[in-house]
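# Commentary on secondary and tertiary structure
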Amino acid sequence: MNGKYSNIKVTGVASAVPSYVMDNMDYVDVFGKRRVTKQAKLTGVYRHHLSYRYQKVSDLCMSAAENLLNHLQWNREDVKILILCTQLADYEIPSTAIDLANRLGLGKDCMAYDINLGCSSFDLGIQTIAGLLQSQPDGTKALLLTGDIMNIPDGVMMKNEDIINIMMFGSGGSATALEKQPGNELLFRNFCDGSGWNAIVRFKRTETMMQGNKVFEFAINDVVDNMTAFFHDFNLKDDIDYYAFHQAQKLILDTIAIGCELPEDQVLTSYEEYGNTSGASIPITLCHNLDKFKDKVNLQICSCGFGVGLSMGISYFQLPVQNILPVIVTDEHFDEHRLHNGELYSRNVFLMNPKTSITKLVARELDNQACNLGFYGSKEILKEMQSQLFWKDCEIFDDELNLVAQNTSRTYDSVIFDMAVYDMDKVVEEAGFLKQQGMLSTNSSVILIAEDKDDDTTLQSSMKLLSDSLTGDCRVNAVVYKMESLDLFPKILDRPEWLERKISMKNSSDMVRPFFISKTIEKLVSMDLLAVTSTIVHISDIVNEFM
């Protein structure tokens, strides 16, 4: 579909990326020089920026939008449309754009919503906004936010092949300002091949799956054909200063440029520094190449985003050079308003004396899933523990246990004891006290973390004793491990060291195994296993089979 708007101005663009840079060539010793070097030459991706674990796409888009609004000196009440195009919104409901409109100080008469789009989102986003602006008075302003984030998930089993693929992608967010202004022209074309809807797909609780061959064929065939038709229909190829494509990878962009017979010096790139940043890649590319535009006042830009769907959009517009802002590097995350939005947001878990590396890791992983946490232990340890948590509204008790029940505001669904710290008599005593004081809900779960002794008989007897002492109102389960398998305990903080350490390991099974403990406990804490009791879960010592 072709289209033309004669009164839409693309006023400015800003973009933001995280500060942490992964240099892919640092991992030659891990994955092999030939493999890493070959991939770098084909994809053109040598570095990319990855988000710290708490940074959301809304944070990057917020930074870009603030920078752009301040630069343009727009009255924020004049912004009547805000659209966020992303595949990783903060919440499933409501649209993250509604939250961003409030955080940016836009008026209450601003239309705000999300669009679930990735690589093609810049072009389809500005085309959507252009259509909405048609009914508005001249001078009406709008913002398009696009982007996605990339990090390496904690505790997910990934083969070297998975990590190699991830090394193509980066985090990025952007803001593009549009206005209804007579005398400005926006030309567009879009195309969607629904037969390839599953070429890039992600289901709930899974990683994104991509059929690379389908995506590649779409890019070098359908994108080239549509670009050629676009040039022909509007007769504008000679008017274009620069082409800004979605930065899929070097091989694809080179093939498109050759197929469309584009001059090499007019095709802008940014994948060398930022990798594939999904919907933010076109704005990032414009901002990254700012130095090339110094001798111009206005640019004639042809942009083309393509990918997930399979979908694509092409746009032609003018862009004032003075309103193209340098790429912002930021690690900001705006958390004051944020709701618990992980998988365990509704679950309350109490950890008793989290002294060992295992219980500290479990606490951090429960926190990562937005669990509501409570802790009992020494002041020094709990202070250290709280500093490592994202959700600071946890309950901390370092007084005598008999004072805890008087000060808690929660009823807990689970309580966790590490048997490296406790003996069973003490567990029976303290779990019984918590139950007696009404701190444990009916059908709550007492979870024991214990070393594997090869014979479960003693542990089973102890678990039955504990269950009987709790009058059958609580479930008792255990997670056991082999001590010799746990020689690494990564500290998972809001820093990149954990990621570097994980990727740098030739055999990361030792690092992954502790995560199996925490992931198993997360399942026992969740609503999924409310009927499970008197169960001992053994963490396998043969993880290498899966690597």
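Definitions and cut-offs
Residues numbered from 1 in each chain as written. Predicted model: local features only at pLDDT ≥ 70, side-chain atom pairs only at ≥ 80, totals over all residues. Heavy atoms only, no water. Helix = DSSP H or I, 4+ residues; strand = E, 2+ residues; numbered from the N terminus. Buried < 20%, exposed > 50% of the residue type's maximum accessible area, 1.4 Å probe, protein only. Contact = heavy atoms within 4.5 Å. Areas by Shrake-Rupley, 256 points an atom, 1.4 Å probe, with all protein chains shown as cover. Pairing = 2+ DSSP bridges. Axes fitted to C-alpha atoms, helices over the stretch in contact; angles between N-to-C directions. Parallel < 35°, antiparallel > 145°, perpendicular 65-115°, else oblique. Left-handed = near helix turned anticlockwise from the far one by under 90°. Nonpolar A, V, L, I, M, F, W, Y, C, P; charged D, E, K, R; others polar. pLDDT = per-residue confidence, 0-100. Phe/Tyr/Trp six-rings, centres within 6.5 Å; stacked < 30°, edge-to-face > 60°. Salt bridge = Lys/Arg side-chain N within 4 Å of Asp/Glu carboxyl O. Expected span 1.5 Å × (residues − 1).

## Topic: the overall build of the chain
Across its full length, the chain carries 17 helices and 23 strands. In the chain, buried positions account for 59% of the 547 residues. The contacts of the chain with a sequence gap of at least 6 include a subset with a gap of at least 24, amounting to 79%. With an accessible surface of roughly 23100 Å², the chain has 48% of that area assigned to carbon and sulfur atoms.

## Some details on the sheet that holds strand β20 (residues 412-418)
Strands pair in a sheet through their backbones, by hydrogen bonds, and they do so in one of two ways: parallel or antiparallel. Pairing is parallel in the open sheet, where 7 strands are placed in the order β19-β18-β17-β20-β21-β22-β23. In this open sheet, the two edge strands, each paired with only one partner strand, are β19 (395-397) and β23 (535-538). Between one strand axis and the next, the sheet turns through 20 degrees on average, direction left out of account. As defined by bridge partners, β20 adjoins strand β21 (residues 440-451) across 6 bridges and the pair is classed as parallel. In the strand pairing of β21, serine 414 is matched with serine 445.

## As for the packing of helix α11 (residues 357-368) against helix α12 (residues 379-387)
Running from amino to carboxyl end, α11 crosses α12 at an angle of 40 degrees, the nearest separation of the two axes being 10 Å. Regarding the angle of α11 to α12, the classification is oblique. The element α11 and its partner α12 pack so that their crossing is right-handed. Residues Lys360, Ala363 and Arg364 of α11 form the contact with α12, whose own contacting residues are Ile381, Glu384 and Met385. Residue composition of the contact of α11 with α12, by class: 3 nonpolar, no polar and 3 charged.

## So, the confidence of the model for the chain
Averaged over every residue, the pLDDT of the chain is 85; residues scoring 70 or more account for 88%. Per-residue pLDDT stays below 50 along residues 487-493; that stretch engages in 29 contacts with residues further than four places along the chain or on separate chains.

## Overview of the packing of aromatic side chains
Applying the stated criterion across every chain, the model contains 11 aromatic pairs. When the centroid spacing of 4.7 Å and the interplanar angle of 80 degrees are considered together, the rings of phenylalanine 390 and tryptophan 391 count as edge-to-face. Among the residues examined, phenylalanine 390 registers a relative accessible area of 14% and is labelled buried. Ring centres of phenylalanine 417 and tyrosine 422 lie 5.0 Å apart, and the angle between their planes is 90 degrees; on these two criteria the pair is classed as edge-to-face.

## Quick notes on the sheet that holds strand β5 (residues 79-85)
Strand order in the open sheet formed by 6 strands is β6-β5-β7-β8-β2-β16, and the pairing between neighbours is mixed. Only two strands of the sheet have a single neighbouring strand rather than two, namely β6 (111-115) and β16 (328-329). Running at roughly 40 degrees to strand β8 (residues 172-180), helix α3 (residues 57-72) makes contact with β2 (8-17), β5, β7 (141-148), β8 and β16 of the sheet.

## Description of the environment of methionine 22
Structurally, methionine 22 is set in strand β3 (residues 21-23). The spacing of methionine 22 and glutamate 273 is 251 residues in sequence and 9.7 Å in space, taken between C-alpha atoms.

## Some thoughts on the pattern of salt bridges
Going through the model one piece at a time under the given rule, you end up with 20 salt bridges. Arginine 347 is paired through a salt bridge with aspartate 413; the nearest N and O atoms lie 3.8 Å apart. In this pair, arginine 347 is assigned in the loop between β16 and β17 (348-352) and aspartate 413 in strand β20, connecting sequence segments 66 residues apart. The exposure classification of arginine 347 matches that of aspartate 413, with both residues buried. Through salt bridges that share partners, Asp59, Asp99 and Arg103 make up one connected network.

## Digging into the packing of helix α14 (residues 424-436) against helix α15 (residues 457-469)
Following both chains from N to C, one finds α14 and α15 inclined at 20 degrees, their axes separated by 10 Å at the closest point. Comparing their axes, α15 and α14 come out roughly parallel. Crossing of α14 over α15 shows right-handed handedness. Across the interface between the two elements, Met424, Val427, Val428 and Ala431 of α14 pack against Ser462, Leu466 and Ser469 of α15. Taken together, the residues of the contact of α14 with α15 break down into 5 nonpolar, 2 polar and no charged.

## Thoughts on the environment of phenylalanine 417
Here phenylalanine 417 is to be found in strand β20. On the accessibility criterion, phenylalanine 417 (0% relative accessible area) is buried. Taking the C-alpha atoms as reference, phenylalanine 417 lies 9.1 Å from alanine 431; in sequence the two are 14 residues apart. Contacts of phenylalanine 417, omitting those with residues within four sequence positions, involve Met352, Tyr422, Val427, Glu430, Ala431, Val446, Ile447, Leu448 and Ile449.

## Description of α3
Over its 16 residues, α3 runs 22 Å from end to end, which matches the ideal 22 Å to within 8%, given 1.5 Å per residue. By the criterion of burial, α3 is predominantly enclosed, with 12 of the 16 residues buried. Of all the positions in α3, only Val57, Ser58, Asp59, Leu60, Cys61, Met62, Ser63, Ala64, Ala65, Leu68, Leu69 and Leu72 are classed as buried. Here the buried face of α3 lies against β2, β5, α4 (96-103), β7, β8 and β16. At the C-terminal side of α3, glutamine 73 shows a positive phi close to 55 degrees.

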